[in-house]
Amino acid sequence: MPASSALAPRPSVLRLSALVLGTLFAVAPASAAPNASYPLPPASSRHEAQVQQARAFAQKLLKDFQLPGLSVAVAHRGQVLWSEGFGYADLEQGIPVTPLTRFRVGSVSKVLTAAAVARLVEEGSLNLDAPIQKYVPSFPVKPWPITTRQLAGHLAGIRHYLDRDEAIFQEARHFSSLTQAMGLFQDDALLSEPGTAYAYSSYGFNLVGAVVEGAAHEEFLRYMQHAVFEPLGMRHTGADHPHQLIPHRTRFYANGPEGSHQHAAHVDNSYKWPGGGFLSTAEDLVVFGSAHLQPGFLRKETLALLFTSQKLKSGKETGVGLGWRIGVSAQGRRILHHRGAIEGGRAMLMLFPDSQLVVALLGNTYADFGEEQAAQLGEIFISAPR
């Protein structure tokens, strides 16, 4: 990904490569060596105890969930405290995960897209409550109007995936535009009158991406690059183009019998860039999350818009704002979060706004870790004495 020359390097207290440093170069093949491609500053004694505990937690996750590879990052008040890889990005070549390894983030893509929506709202280019045909005139008119606010809160009645979609996914068909990909669902009936029921929909977020294009008068991925990724210094985040050579992209795996692994099925995620098609690193994600804890990248009122639960017409809160899920951890802490589950990948991004902490977990196979594990990891750093 192109980097902005105006961006200064992000501060970091501890960034480690995939395996324990004392053994990495002794056991890994030459192709696994980082070749000075990533800074490895000395460990900070201030966070050493938490990092050691968190490292043991991550290693247990790797084993418990049979993950080929795992990447973890934690940031506090905008500073990366810890970023480390575990296991392998390529099992056949013995290439370990490092903080540079790019994973599929699945539906965490939705909160990335929500940031683009927020930028357009701030620019005055997007009215969240206007009918979407204002921005996507090709989308068929339904019995009721649909708004971007409803789409971003999964209240628009757009369907999610069905069994009949599976054949299309298995074909790994490439879609040249979001408008072309909308053909998968745009002629289907709505599940309900918009605003009356919550129904999670990745297709609905594909339509959000089309709204971004229409409001920005620019192709979706280009707008994401210069309006979201570059301003935040997210140099390792972008679309998972299957035929492009993308540095540090992990291989993708599926769990086989008796703890074995096999290659995940080939997929082309061009049908869902806005809702599930991005690659990223754990460190990029905690930087992204940190930018949502204080005004700066976005205004105070815009952050409130993202993180205020929408309501059904009945008045019931949904626990979802614009893309983001809003809740309370098992430890009783307020959290803002999203997870991703995708062929060859699992992702979790969690913000603890009251503690100004952000946690990201990324794996290169489909696994069941999620909110519980992210909250436990965050607790290691939150509950530690300052």
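- With an unreviewed UniProt entry as reference, the protein is termed Serine hydrolase, source organism Corallococcus exiguus.

1. A look at unusual backbone geometry
- The backbone of His 154 shows a phi angle near 60°, a positive value even though the residue is not glycine.
- Mapped onto the fold, His 154 is located in the loop between helix H4 (148-152) and helix H5 (166-170).

2. Focus: helix H3 (residues 109-123)
- Here H3 is 15 residues long and its end C-alpha atoms lie 22 Å apart, about the 21 Å a rise of 1.5 Å per residue gives.
- The buried fraction of H3 is high, at 12 of 15 residues.
- Those residues of H3 lying buried are Ser 109, Lys 110, Val 111, Leu 112, Thr 113, Ala 114, Ala 115, Ala 116, Val 117, Ala 118, Leu 120 and Glu 122.

3. Considerations on empty space enclosed by the protein
- For the structure shown, the criterion picks out 2 cavities of 30 Å³ or more.
- The calculated volume of the largest cavity comes to roughly 40 Å³.
- Lining the largest cavity are Phe 139, Lys 142, Gly 157, Ile 158, Arg 159, Phe 185, Gln 186, Asp 188, Ala 189 and Leu 190.
- A breakdown of the residues in the lining of the largest cavity according to their chemical character gives 5 nonpolar, 2 polar and 3 charged.
- Here the second largest cavity defines a volume of roughly 30 Å³.
- In terms of lining, the second largest cavity is formed by Leu 151, His 154, Leu 155, Ala 156, Gly 157, Ile 158, Ala 199, Ser 201 and Gly 204.

4. Concerning the nonpolar core
- Counting 79 residues, the largest nonpolar core has Ile 158, Leu 207, Val 228, Phe 288 and Leu 349 as the members making the most contacts within it.
- Ranked by residue count, the leading element in this core is helix H7 (residues 202-216), at 9 residues.
- Membership of the second largest hydrophobic core comes to 28 residues, among which are Leu 67, Phe 352, Ala 367 and Ile 382.

5. Considerations on the layout of surface pockets
- Roughly 580 Å³ of internal volume is contained in the largest pocket.
- Lining the largest pocket are 29 residues, with Tyr 161, Tyr 271, Lys 272, Ala 341 and Ile 342 sitting closest to its centre.
- Secondary structure elements with two or more residues in the lining of the largest pocket: H5, helix H9 (273-276) and strand S11 (334-342).
- Per-class residue counts for the lining of the largest pocket are 11 nonpolar, 10 polar and 8 charged.

6. Focus on the packing of H3 against H7
- Packing of H3 against H7 leaves a shortest axis separation of 10 Å and a crossing angle of 30°. On the basis of the axis angle, H3 is roughly parallel to H7. The two elements H3 and H7 cross, and the hand of that crossing is left-handed. Judged by residue contacts, Lys 110, Thr 113, Ala 114, Ala 116, Val 117 and Leu 120 of H3 engage Ser 202, Phe 205, Val 208, Val 212, Ala 215 and Ala 216 from H7.
- Of the residues that constitute the contact of H3 with H7, the class distribution is 9 nonpolar, 2 polar and 1 charged.

7. Quick word on the pattern of salt bridges
- In this structure the tally under the stated criterion is 13 salt bridges.
- A salt bridge links Glu 193 to Lys 313, with the shortest nitrogen-to-oxygen separation between them at 2.8 Å. One end of the pair, Glu 193, is in the loop between helix H6 (178-181) and H7; the other, Lys 313, is in the loop between helix H11 (300-307) and strand S10 (325-328), and 120 residues separate them in sequence.
- According to the relative accessible area criterion, Lys 313 is exposed, its value standing at 58%.

8. Thoughts on the environment of Phe 278
- Of note, Phe 278 is situated in strand S9 (residues 278-280).
- Phe 278 gets classed as buried once you look at its relative accessible area, which sits at 1%.
- Between the C-alpha atoms of Phe 278 and Ser 107, which are 171 residues apart in sequence, the distance is 8.7 Å.

Analysis parameters
- Throughout, residues of each chain are indexed from 1 in the direction in which the sequence is written.
- In keeping with the model being predicted, local features are shown solely for residues with a pLDDT of at least 70 and side-chain atom pairs are shown and tallied solely at 80 or more, while totals for entire chains, interfaces and linings include all residues.
- Hydrogen atoms and water are omitted, and side-chain values are computed over all heavy atoms in the structure.
- In this text, helices come from DSSP runs of H or I with a minimum length of four residues, and strands from runs of E with a minimum of two, each type numbered from the N-terminal end.
- Working rule for helices: expected span equals 1.5 Å times residues minus one.
- To sort residues, take the accessible area from a 1.4 Å probe on protein chains only and compare it with the maximum for the residue type: under 20% means buried, over 50% means exposed, and anything in between is partly exposed.
- Throughout, the protein atoms alone are placed on a 1 Å grid, and a set of points is a cavity if a 1.4 Å probe fits but cannot get out or a pocket if it is open with protein on both sides within 12 Å along at least five of seven lines; lining residues have an atom within 4 Å of a point.
- Grid points are joined across faces, edges and corners, and a volume is the space filled by probe spheres set on the points.
- All residues other than Ala, Val, Leu, Ile, Met, Phe, Trp, Tyr, Cys, Pro, Asp, Glu, Lys and Arg, Gly among them, are scored as polar; the first ten of these are nonpolar and the last four charged.
- Throughout, nonpolar core names a set of buried Ala, Val, Leu, Ile, Met, Phe, Trp, Tyr and Cys residues whose side chains join them through atoms within 4.5 Å.
- Where helices are involved, their axes are fitted lines through C-alpha atoms of the stretch in contact, as for all axes, and angles between N-to-C directions lie from 0 to 180°.
- If an angle is under 35 degrees, it is roughly parallel; if it is over 145, roughly antiparallel; if it lies from 65 to 115, roughly perpendicular; otherwise it is oblique.
- Note: crossing handedness is left-handed where the near helix turns anticlockwise from the far helix by less than a right angle, and right-handed where it turns clockwise.
- Residues are treated as being in contact if the distance between any of their heavy atoms lies within 4.5 Å.
- Every case where a carboxyl oxygen of Asp or Glu lies within 4 Å of a side-chain nitrogen of Lys or Arg is listed as a salt bridge.

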